[in-house]
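Structure assessment
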Amino acid sequence: MADYDYDLFVIGAGSGGVRAARTAAATGARVAIAEDRYLGGTCVNVGCVPKKLYSYAAHFHEAFTDSAGFGWQLPQPAQFDWATLRDNKIEEIKRLNGIYGRLLDGADVRLIHGRARIVDAHRVEVAGETVSAAKILVAVGGWPWIPDFPGKEYAISSNEVFDLETFPKRFLVLGGGYIAVEFASIFNGLGSDSHLIYRGELFLRGFDHEVREFTRDEMMKKGVKLHFETTIESVEKQGDALKVSLTNGEVLEVDALLAATGRRPHLQGLGLDKLDIELNSDGTLKVNDRFETSIPSILALGDVTGAPELTPVALAEAMHMTRVHFADEQATALDYDNIATAVFCHPNIGTVGLSEEAAREEFDAIRVYTADFRPMKHTLSGSDERCLMKLIVDDASDRVVGAHMVGEDAGELIQGIAIAVRAKLTKADFDATVGIHPTGAEEFVTMRTPTRR
Ligand SMILES: Cc1cc2nc3c(=O)[nH]c(=O)nc-3n(C[C@H](O)[C@H](O)[C@H](O)COP(=O)(O)OP(=O)(O)OC[C@H]3O[C@@H](n4cnc5c(N)ncnc54)[C@H](O)[C@@H]3O)c2cc1C
């Protein structure tokens, strides 16, 4: 590989790119990385991290109310200051950006600030210089996409929502994916009059149906206004407010409109069109098990390939790419089954494995175990929030093939259950596990009678 300036040139210092650069460099490879916006990419700057911080902020609201039944007396209503949250978030992200820079530096990866363009199979142009590399890795992620409607220019995307100048007292989210559902909950919790609009009959397509219905009911109880089977017809600006007309005839007046309507691969200006590289039907880059595109020296991973849009997936792909290309390991293809995920709506969703609907398709017979209960905490808090736990079992093998939860800290809990599901443990193994009392989690090992088959 010595004829090239670098063994690996990574484009994009996000979740996948940074991990790929560091792990490849650790094998002795000469690595450079280009980034044109922010170190750490979407997740650190405008994704997982700020979202989770804002979700914590939103939860305090309920916690203050819940605490009264436990004897706490706080001034009501508690006051929320948007600028404090936003500015503290900005500082924390600056700290994380610095850590990413130092990680690259410590790994001996050269960081080039600038927008990179691929010239040919082995050359990249960035910040006025052209560098050559044995392998080029495209880890450029995605970019928010907003559908066309009159007044679309008044909509913001998740790139802008964290840094709004003023707090939107009336907030509207367009979209039915997990990010839309999270933001509707977050702004509701922070005190906005929060609306979600989705053209389908129910949000969170692809998730377990019972989980979707349960989440809908819980979110409505908390005050989020859900408008299904409708979409935006037009938006007009009226002073500082936005007048949003819906296709069902309703008109809403709001202070901010967030379009959480999906992301597209961030390929503009990257030069790939000139190379005739193969794309999937959704415009993402087509790669094989080794993360090679149709031009074998150009690799790609993370959101730009159409993989599940999750940071841990991009990280796993990056490490796999290094094993295959730089550590010369004969690794088998990465296993995408049973990837656990959380949705940070309120209450949270945690899920791993198959939904009930998918399991019915895949297996001849299944058993479904459910627990729908009021958590102990809410006996004194007075909150009417409920919790759902659900196990899906393949009847023939007794294997637990799906586990789902809607409730406080569902993601924290399902991460542990995910190990059991991935290890192909049976319902008998779950039953033989002694519970931890008093927790909500013990329901996962005490559900004995199937709710249905
Ligand atoms: C609002 C939101 C919330 C999310 N929440 C979660 C969550 O809770 N959990 C989770 O697992 N995932 C979450 N995600 C998804 C997660 O952020 C992505 O899956 C992950 O960041 C993908 O990593 P990546 O390396 O593919 O791309 P990215 O992290 O997007 O990084 C790509 C980088 O490439 C840079 N770049 C692009 N083009 C060029 C170029 N030509 N030259 C130089 N640099 C370039 C970009 O500036 C960016 O920094 C969330 C996403 C969003 C938008």
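Relevant structure appears above.
Here the structure is a predicted model, which is why all the values come from computation and not from measurement. (Residues numbered from 1 in each chain as written. Predicted model: local features only at pLDDT ≥ 70, side-chain atom pairs only at ≥ 80, totals over all residues. Heavy atoms only, no water.)

**A short note on the sheet that holds strand 11 (residues 232-238)**
To be explicit about the condition: Note: two strands are recorded as paired if DSSP finds a minimum of 2 bridges between them. What counts as a helix is a DSSP run of H or I of at least four residues, what counts as a strand is a run of E of at least two, and both are numbered from the N terminus. Structural elements are reduced to axes, namely lines fitted to C-alpha atoms, with helices fitted over the stretch in contact, and the angle between N-to-C directions of any two is expressed from 0 to 180 degrees.
Strands sit in the order 11-12-13 across an open sheet of three strands; the sheet is antiparallel. This sheet does not close on itself; its edge strands, each paired only once, are strand 11 and strand 13 (251-254). Neighbouring strand axes in the sheet, compared pairwise and without regard to direction, differ in orientation by 20° on average. When strand 11 meets strand 12 (residues 241-246), the two strands line up antiparallel, connected through six bridges. Counted as the bridge partner of glutamate 236 is lysine 243 from strand 12.

**Some thoughts on the pattern of salt bridges**
Short version of the rule: A side-chain nitrogen of Lys or Arg and a carboxyl oxygen of Asp or Glu constitute a salt bridge if their distance falls within 4 Å. Residue burial is assigned from relative accessible area. The probe radius is 1.4 Å, only protein chains are included, and a residue is buried under 20% of its type maximum, exposed over 50%, and partly exposed in between.
All chains considered together, the criterion is met by 34 salt bridges. Its salt-bridge partner being glutamate 210, residue lysine 390 comes within 2.6 Å of it at the nearest N-O pair. Linking lysine 390 in strand 20 (residues 387-394) with glutamate 210 in helix 7 (residues 209-221), this pair joins segments that are 180 residues apart in sequence. Of the residues examined, lysine 390 reaches a relative accessible area of 0% and is grouped as buried. Note that arginine 360 is salt-bridged to glutamate 356, the shortest N-O span being 2.7 Å. Note that arginine 360 and glutamate 356 are positioned in helix 10 (residues 356-362) at a spacing of four residues, about one turn of the helix. When its relative accessible area of 37% is taken as the criterion, arginine 360 is described as partly exposed.

**A short note on the site of the ligand**
The condition is simple: One heavy atom within 4 Å of a molecule or strand makes the whole residue count as near it. Between N or O atoms, a polar contact is any pair within 3.5 Å; within protein, one atom must be a potential hydrogen donor and the other a potential acceptor, and residues adjacent in sequence are included only when both atoms are from side chains. The Shrake-Rupley method, run with a 1.4 Å probe, gives the accessible areas here. Residue values count only the displayed protein chains as cover. Nonpolar residues are Ala, Val, Leu, Ile, Met, Phe, Trp, Tyr, Cys and Pro. Charged residues are Asp, Glu, Lys and Arg, and all others, Gly as well, are polar.
Among the 38 residues in the neighbourhood of the ligand, the closest are listed as Gly16, Glu35, Thr42, Lys51 and Asp303. Cysteine 43 has a polar backbone atom sitting 3.5 Å from an oxygen atom of the ligand. Within the contact set of the ligand, an oxygen atom lies 3.1 Å away from a backbone nitrogen or oxygen of leucine 310. Compared with its free state, where it exposes 1,000 Å², the ligand has 96% of that area covered by protein. Top element by residues in the shell around the ligand is helix 2 (residues 41-46). It accounts for four residues. Class assignment for the residues of the shell around the ligand results in 17 nonpolar, 13 polar and eight charged.

**Describing the pairing of strand 12**
Sheet faces and side chains relate simply in a regular strand, where the side chains alternate between the two faces. Counted residue by residue, strand 12 has five buried out of six residues, so it is predominantly covered. Between strand 11 and strand 12, which pair antiparallel in sequence order, lie two residues; one of them, glycine 239, sits at a positive phi of approximately 65°. In this sheet, strand 13 lies alongside strand 12 in antiparallel orientation, the contact comprising four bridges. Across the sheet, valine 244 pairs through a bridge with leucine 252, a residue of strand 13. Here strand 12 folds back onto strand 13, and the loop between the two strands holds four residues, one of which, glycine 249, carries a positive phi near 95°.

**A closer look at the sheet that holds strand 18 (residues 349-353)**
Note the cut-off: Every residue pair with non-hydrogen atoms within 4.5 Å of one another is taken to be in contact.
Strand order in the open sheet formed by five strands is 17-18-21-20-19, and the pairing between neighbours is antiparallel. Edge positions in the sheet fall to strand 17 (341-343) and strand 19 (366-373), since each of these pairs with one other strand and no more. The sheet shows a mean angle of 10° between the axes of neighbouring strands, taken without regard to direction. Pairing geometry for strand 17 and strand 18, over three bridges, is antiparallel. Note that in strand 18 the partner of threonine 341 across the bridge is threonine 351. Most of the contacts of helix 7 go to strand 20, to which it runs at about 175°, and overall it touches strand 18, strand 19, strand 20 and strand 21 (400-406).

**As for the state of the cysteines**
Here is the rule: When two cysteine sulfur atoms are found within 2.5 Å, that pair is recorded as a disulfide.
Enumeration over the complete set of coordinates arrives at one disulfide. Two residues share a disulfide in this structure: cysteine 43 and cysteine 48, whose sulfurs sit 2.3 Å from each other. Between cysteine 43 and cysteine 48, the S-S torsion sits near -135°, and that sign places the bridge as left-handed. Exposure remark for cysteine 43: the relative accessible area of 12% places this residue in the buried category.

**Observations concerning the packing of aromatic side chains**
Applicable threshold: Here the aromatic set is Phe, Tyr and Trp, taking the six-membered ring for Trp, and pairing holds for ring centres within 6.5 Å; pairs whose planes are under 30 degrees apart are stacked, those over 60 apart are edge-to-face, and all others are tilted. Any Lys NZ or Arg CZ that is within 6 Å of a ring centre and within 35 degrees of that ring's normal is treated as a charge sitting over the ring.
Inspection of every chain in the model, using the stated rule, returns 11 aromatic pairs. Centre to centre, the rings of tyrosine 54 and tryptophan 82 are 5.6 Å apart; their planes meet at 80°, and the pair counts as edge-to-face. Residue tyrosine 54 is found in helix 3 (residues 48-67), and its partner tryptophan 82 is found in helix 4 (residues 82-106); the two are separated by 28 residues along the sequence. Of the two residues, tyrosine 54 and tryptophan 82, both sit in the buried class. Through a chain of ring-to-ring contacts, three or more aromatic side chains come together here, namely Tyr54, Phe80, Trp82, Phe162, Phe167, Phe171, Phe183 and Phe187. Here the guanidinium or amino end of arginine 264 rests over the ring plane of tryptophan 145, the centre of that ring lying 4.1 Å away.

**Section: unusual backbone geometry**
For the bond from histidine 346 to proline 347, the omega torsion is -5°, close enough to zero to count as cis. Relative to the assigned elements, proline 347 resides in the loop between strand 17 and strand 18. Cis geometry is adopted by the peptide bond preceding proline 438, which originates at histidine 437 and carries an omega value of -5°. Position of proline 438 relative to the elements: it lies in the segment after helix 13 (427-432).

**Brief notes about the packing of helix 1 (residues 15-26) against helix 4**
Applicable threshold: Oblique is the label for every angle not falling under 35 degrees (roughly parallel), over 145 degrees (roughly antiparallel), or within 65 to 115 degrees (roughly perpendicular). Note on convention: the crossing is left-handed when the near helix lies turned anticlockwise from the far helix by less than a right angle, right-handed when the turn is clockwise.
Look at helix 1 against helix 4: their axes get within 9 Å of each other, and the N-to-C directions meet at 25°. In terms of their interaxial angle, helix 1 and helix 4 are classed as roughly parallel. Relative to helix 4, the crossing made by helix 1 is left-handed. Judged by residue contacts, Val18, Ala21 and Arg22 of helix 1 engage Tyr100, Leu103 and Leu104 from helix 4.

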